[in-house]
Amino acid sequence: MEIIGARDDRNTVSNYCSSDSSDMLTILYGSQTGSAKKLAFQFANELLEKYNKKILVDAIDSYDFSLLIDSAQKTTIIFFVSSYGEGEQCDNASKTFKYLSELCSENRQHLKSLRYGLFGLGNAAFDIYQGASRDFKNCLSQLGSTLLDYGEGNDEKGELLEDYIRWKNQFMPTLAEYFRWEPSKARIYRPTILVSEVSPRRHANGEIVSSLRDLNALDKPPYHIAKPFRARFVNSQKFTNGQRCQFHCEVSLEGCRMKYKAGDHLGVYPTNRPEDVSRFMFVFCLGQKAEQVIQLRSEFPLWIPSPTTYKAIVEHYLNINSAISSQMLQTLANFAPSDISKDRLLILSSRESFTKEVVDKRLTLWEAALEASDGHPWPDVPFCFLLESLGKLEPRYYSIASSELLYPDEAHLTVKCQREQLKDKIIYGVCSNYIESICFPESEQGQTAPVFVRKSGFKPPLNGDRPMIMVCVGTGIAPFRGFVQHRIALSATHNIGKMFLFYGCRDESDILYPNEWPEYSKALGSKLSVHFALSREDPIRKTYVQDIILQRSKEIHELLEQGAYFYVCGDAIKLSKMSKLIRQIIMQRKGISEEEASKTLKQLKLNGRYQEDLW
Ligand SMILES: Cc1cc2nc3c(=O)[nH]c(=O)nc-3n(C[C@H](O)[C@H](O)[C@H](O)COP(=O)(O)O)c2cc1C
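Residue numbering note: each chain is counted from 1, following its sequence as written. Only residues with pLDDT of 70 or above have their local features reported here, since the model is predicted, and side-chain atom pairs are shown and tallied only from 80 upward, although totals for entire chains, interfaces and linings are computed over all residues. Values reported for side chains reflect all heavy atoms of the structure, with hydrogen atoms and water molecules removed beforehand.

For the chain, the name recorded in an unreviewed UniProt entry is NADPH--hemoprotein reductase, with Ogataea haglerorum as its organism.

A.B. asks: Would you mind showing me how to read helix H19 (residues 578–590) here?
C.D. replies: Given 3.6 residues per helical turn, the α-helix brings residues three or four places apart onto the same face. Labels follow the DSSP assignment, with helices taken as runs of H or I lasting at least four residues and strands as runs of E lasting at least two, numbered in each case from the N terminus. One fewer than the residue count of a helix, multiplied by 1.5 Å, yields its expected span. Helix length check: H19 (13 residues) gives 18 Å between terminal C-alpha atoms against 18 Å at 1.5 Å per residue, within 8%. Along H19, the positions that sit buried rather than exposed are Met578, Ser579, Leu581, Ile582, Arg583, Ile585 and Ile586. Where the residues of H19 are buried, they touch strand S19 (468–473), helix H17 (545–551), helix H18 (553–561), strand S22 (565–570), helix H20 (594–606) and strand S23 (610–614). One or two steps after H19, the chain reaches Gly591, where phi turns positive at roughly 65°. Relative accessibility decides the category of a residue: with a 1.4 Å probe and only protein chains considered, values under 20% of the type maximum give buried, values over 50% give exposed, and everything between is partly exposed. Throughout, a residue-residue contact means that at least one pair of heavy atoms, one from each residue, lies within 4.5 Å.

A.B. asks: What is the right way to read the nonpolar core from this model?
C.D. replies: Soluble, globular proteins show a tendency: their nonpolar side chains are buried together. By convention a nonpolar core is built from buried Ala, Val, Leu, Ile, Met, Phe, Trp, Tyr and Cys residues, the set being connected through side-chain atoms within 4.5 Å. One finds Phe280, Phe284, Leu365 and Trp378 to be the most contacted residues of the largest nonpolar core, which totals 45 residues. Not counting chain neighbours up to four residues away, the residues in contact with Leu365 comprise Phe284, Ile324, Met328, Leu329, Leu332, Phe385, Leu386 and Leu390. Membership of the second largest hydrophobic core comes to 30 residues, among which are Phe233, Cys249, Val451 and Phe452.

A.B. asks: Would you mind going over the sheet that holds S19 with me for this structure?
C.D. replies: The pairing of strands in a sheet happens through backbone hydrogen bonds and is either parallel or antiparallel. Spatially, S21-S20-S19-S22-S23 is the arrangement adopted by the five strands of the open sheet, whose pairing is parallel. Lying at the two open borders of the sheet, with one neighbouring strand each, are strand S21 (528–534) and S23. Pairwise comparison of adjacent strand axes, ignoring direction, gives a mean angle of 10° for this sheet. Pairing between two strands is assigned when DSSP locates at least 2 bridges connecting them. Sheet analysis places strand S20 (residues 499–505) next to S21, joined by seven bridges and oriented parallel. In the sheet register, Leu501 faces S21, and the bridge partner there is Val530. Working convention: axes come from line fits to C-alpha atoms, limited for helices to the stretch in contact. Angles between N-to-C directions cover 0 to 180 degrees.

A.B. asks: Could you clarify how one ought to interpret unusual backbone geometry in this entry?
C.D. replies: Glycine aside, residues mostly have negative phi angles, and peptide bonds mostly take the trans form. A cis amide bond, omega 5°, links Pro221 with the succeeding residue Pro222. Tracing the backbone through its elements, the reader meets Pro222 in the loop between helix H6 (212–218) and strand S9 (229–240). Cis geometry marks the peptide bond from Ser306 to Pro307; its omega dihedral reads 5°. Positionally, Pro307 belongs in the loop between strand S12 (293–298) and strand S13 (308–309). Positive phi, normally seen in glycine, also occurs at Asn107, with a value near 55°. Relative to the helices and strands, Asn107 is located in the loop between helix H3 (94–104) and strand S6 (114–122). Residue classification places Asn107 among the exposed positions, given a relative accessible area of 70%. Of note in the backbone geometry, Arg257 takes a positive phi value of approximately 60° without being a glycine. Note that Arg257 resides in the loop between strand S10 (246–252) and strand S11 (265–268).

Here it is in structure tokens:
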């Protein structure tokens, strides 16, 4: 009985497939930002809990599909497939999709032995809704595989989890029937993480070790995602204040030996908001034992270093404001402090109320609990239930806004505080507001955060004399500040190519780095031309980046013909039509068909000459 977590070890996957798979199930995910991966593990956990089934969970690209070709051995896989780019596969599924598409072209049913279920994750605000999951399904059907069930979850209005639950509730019993699985003896809640309270370990100086991340601060390079560097945030400067707070800050990488290049990302591990931490600790009665040292054990890989303390987990490792599902509330109801609270929570979790009362109001688990109990604490909730349900406080990624050629020991960031005003509360984005709190602290303390560099393919051309066209909205300006700095550094010794920057924001007061663009233009002369699209400057005629791009379509096309690189960065929804626009420009300027223009654009993408960094 085990869940095997995502690993890099491909051999284990192959071994697993070639053993008796008649009663075994594999769960694979294609996930860019973790949602599909999370659902895949959730599905696996539930199968383990309900049917005592042994399950492999891994990324799609870690699985060796060549083993299934024309095989007589029946294999069952449940896929969780997210769409990315323009309805495309995520990075950890694209290799497999390419492989399967090539197999399709042979027009033979090579994967007849495969039975599969598929849940697609997407967002209907994008042009090609569920492109990746539908393509994957079509491909498998051409290869002769048997579809057991297909479902789709839409991220557009925050109902992805509910879509998943509806699909899963209908599919899981069918799957069990198909395999003739008997439900394991009914249990309301079965923990998969064992939490034991132990006596404290101490640092050499006598201080209690509260988390391994503290120890990491004493560690030495190399630093990476699993061992972040505690960096100082310095020289912060606000551009705009209040609800739309945007600012610049500089992260000192001195001594950590982490190198970056313009276009890379800086991962930042946030800390939960102190107000939320203390309310969470109150609701689940953790205040008294906040500093108690605990040891965690589990059958699958845990993201929390152990031993640690309750408080360290709630502050640094647990996504206490995670989106919640009706199912979580139903399990939580078992631990209610009174029958009235239990009934109220069950009503909140019901089909009739859940969307309106929980999803639309963006209630967190602790807020829903408080609402059901009229502000009274819930002393009987097992801590492991909170760990399993809420999951990991993930690092957030920021495009680095500087060039290593000018700033080798510091990475600059451009941050917009995520603050969304709902009817009666503000939803705070955990990391941006955390960075603000350490950059503009009320006291002098706490100006460090754990960080690491994540390499990205979003890079200025290797050849410095190639033209560049850069398109962005809002804080999407960040990597382009780095690209321009990069070219300034190069210009001292090299001939550099022309640069067009198209930058969309609300009005003049919303322009980030307003003093720097004239300076960069001065330093680079005719090599840099910056064009602003200020959407709220003229209330009658709103101007967006696509409008100013269209006005310059002739020059853009000429530059593309001269080998220019085209970059897009910023809000995925606002910029979702950019590649369509470029296709249109190519079509019109070259006088070719839409199909031919699509081929040209595809080739640009393959050659790295059309790149997007969207969020
Ligand atoms: C840059 C970007 C591009 C996306 N493109 C699409 C798309 O073309 N079609 C779609 O249905 N959803 C699209 N989405 C939405 C994601 O598929 C959806 O939010 C999903 O839940 C993310 O899952 P993941 O965390 O497993 O990557 C896109 C999201 C981002 C950030």
